[in-house]
Amino acid sequence: MTIDGVAASGKSSVSSGVARALGIPYLSSGLLYRAATLFALEDHADLSDQGAVLAALGTHPVRLEPLAEGNRVWQNGRDLTPELHSTRVDHGVSAIAVLPGVRAWVNEQLRQVPPPFVAEGRDMGTNVFPHAGAKFYLTASPRVRARRRAQERPEDVDAIEAALIRRDDLDRVQSAPAADAVVIDTGPLDLDGVIGKVLAGVQRHRAGQ
Ligand SMILES: Nc1ncnc2c1ncn2[C@@H]1O[C@H](COP(=O)(O)OP(=O)(O)OP(=O)(O)O)[C@@H](O)[C@H]1O
Ligand SMILES: Nc1ccn([C@H]2C[C@H](O)[C@@H](COP(=O)(O)O)O2)c(=O)n1
């Protein structure tokens, strides 16, 4: 199954809850785009130069550890995960994510994982796993998302909201919901409410309704 959505709409938290309820792993594609961004930044690569970015990726083998309680990304023995939600990675990741070679690098890693799993990101239901059994797409207003994110970060809500709107715009091309996805506005719901809606959708799908 796939869970896509806009930035900070709750994809990772919801995927983790759904994966735990179903007893299967979840895969965060966004973390792989973030790891690619971190490598490019550390190598001082021009983020719009696909050749330079792919050269940086070529020297940094990574492993996505699909833990249900939260994915981690490893480079040999180094756990990259704590650095992947830094502001500098947030600012650079959309530039990296438009590069076709980077998208192929991410998708190849995702497609090596044996099902069943919950795949989470932007284009899981449209491009990477178009034949997934059940598809969901999470949204919420930029203000709601910024308020939630502000609980985790020292920046103020207005700055976070502006950055989210910028990233929504830059990611728009690969972020369209699949035609057969169930769209959920998470604004009026708490986390358990969203997880419950997704699980109910999975049940309906299994029952063939
Ligand atoms: N329905 C909800 N109600 C309240 N808080 C929520 C809800 N869903 C998610 N959150 C909170 O919002 C924040 C962002 O959620 P999360 O990191 O899961 O989003 P995301 O879509 O995976 O983000 P990103 O696109 O940056 O990877 C977290 O602090 C999470 O706990
Ligand atoms: N399938 C995906 C997943 C992610 N991206 C890009 C777009 C985001 O700005 C960035 C980080 O993702 P997030 O952690 O916010 O889910 O990666 C993408 O293009 N396609």
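Since the model is a prediction, treat every value here as computed from it, not as a measurement. (Residues numbered from 1 in each chain as written. Chains lettered and ligands numbered in written order. Predicted model: local features only at pLDDT ≥ 70, side-chain atom pairs only at ≥ 80, totals over all residues. Heavy atoms only, no water.)

(A) Looking closely at the site of ligand 2. Surveying the vicinity of ligand 2 reveals 16 residues, the closest of which are Arg-34, Arg-122, Asp-123, Asp-171 and Gln-174. One nitrogen or oxygen atom from the side chain of Ser-29 is found 3.1 Å from a nitrogen atom belonging to ligand 2. At a separation of 2.7 Å, an oxygen atom of ligand 2 approaches a polar side-chain atom of Gln-174. For ligand 2, whose accessible area on its own is 440 Å², the fraction buried by protein is 96%. Among the elements of the structure, α2 (29–42) and α4 (87–97) are those that each provide at least two residues to the shell around ligand 2. The biggest single contributor to the shell around ligand 2 is α2, with 4 residues. Looking at the shell around ligand 2 residue by residue, the classes come out as 4 nonpolar, 5 polar and 7 charged. (Near = heavy atom within 4 Å. Polar contact = N/O pair within 3.5 Å; in protein donor to acceptor, adjacent residues only side chain to side chain. Areas by Shrake-Rupley, 256 points an atom, 1.4 Å probe, with all protein chains shown as cover. Helix = DSSP H or I, 4+ residues; strand = E, 2+ residues; numbered from the N terminus. Nonpolar A, V, L, I, M, F, W, Y, C, P; charged D, E, K, R; others polar.)

(B) Quick look at the nonpolar core. Grouped together as the largest cluster of nonpolar side chains are 33 residues, with contacts concentrated most on Val-73, Leu-80, Val-102, Leu-110 and Phe-129. Those elements that place two or more of their residues in this core are α2, α3 (50–58), α4, α5 (100–111) and α6 (124–128). Counting residues per element, this core draws most heavily on α2, at 8 residues. Excluding its chain neighbours within four sequence positions, the residues that come into contact with Val-73 are Leu-31, Ala-35, Val-62, Arg-63, Leu-64, Arg-78, Asp-79, Leu-80, Thr-81 and Leu-84. Counting 16 residues, the second-largest nonpolar core is a separate cluster that includes Val-14, Ile-24, Tyr-26 and Val-202. (Core = buried A, V, L, I, M, F, W, Y, C linked by side-chain atoms within 4.5 Å. Buried < 20%, exposed > 50% of the residue type's maximum accessible area, 1.4 Å probe, protein only. Contact = heavy atoms within 4.5 Å.)

(C) Spatial organisation of the pattern of salt bridges. With the rule as written, the count across this model stands at 13 salt bridges. For the salt bridge of Arg-122 with Asp-171, the shortest nitrogen-to-oxygen distance reads 3.7 Å. Within this pair, whereas Arg-122 is found in the loop between β6 (118–121) and α6, its partner Asp-171 is found in the loop between α8 (157–170) and β8 (182–185), the two being separated by 49 residues in sequence. Overall, Arg-122 belongs to the buried group, its relative accessible area being 15%. On the accessibility criterion, Asp-171 (7% relative accessible area) is buried. Two residues, Glu-152 and Arg-149, come together in a salt bridge whose shortest N-O distance is 2.8 Å. Glu-152 gets classed as exposed once you look at its relative accessible area, which sits at 56%. Linked by salt bridges that have partners in common, Arg-34, Asp-90 and Arg-153 make up one network. (Salt bridge = Lys/Arg side-chain N within 4 Å of Asp/Glu carboxyl O.)

(D) Up close: the sheet that holds strand β2 (residues 26–28). Read from one edge of the open sheet, 5 strands run β2-β6-β1-β7-β8, paired in parallel fashion. Two strands in the sheet have a free side with no partner beyond their single neighbour: β2 and β8. When the angles between neighbouring strand axes are averaged without regard to direction, this sheet yields 20°. One ladder, built from 3 bridges, connects strand β1 (residues 2–5) with β6; its direction is parallel. Each bridged residue has a counterpart across the sheet, and for Asp-4 the counterpart in β6 is Gly-121. (Pairing = 2+ DSSP bridges. Axes fitted to C-alpha atoms, helices over the stretch in contact; angles between N-to-C directions.)

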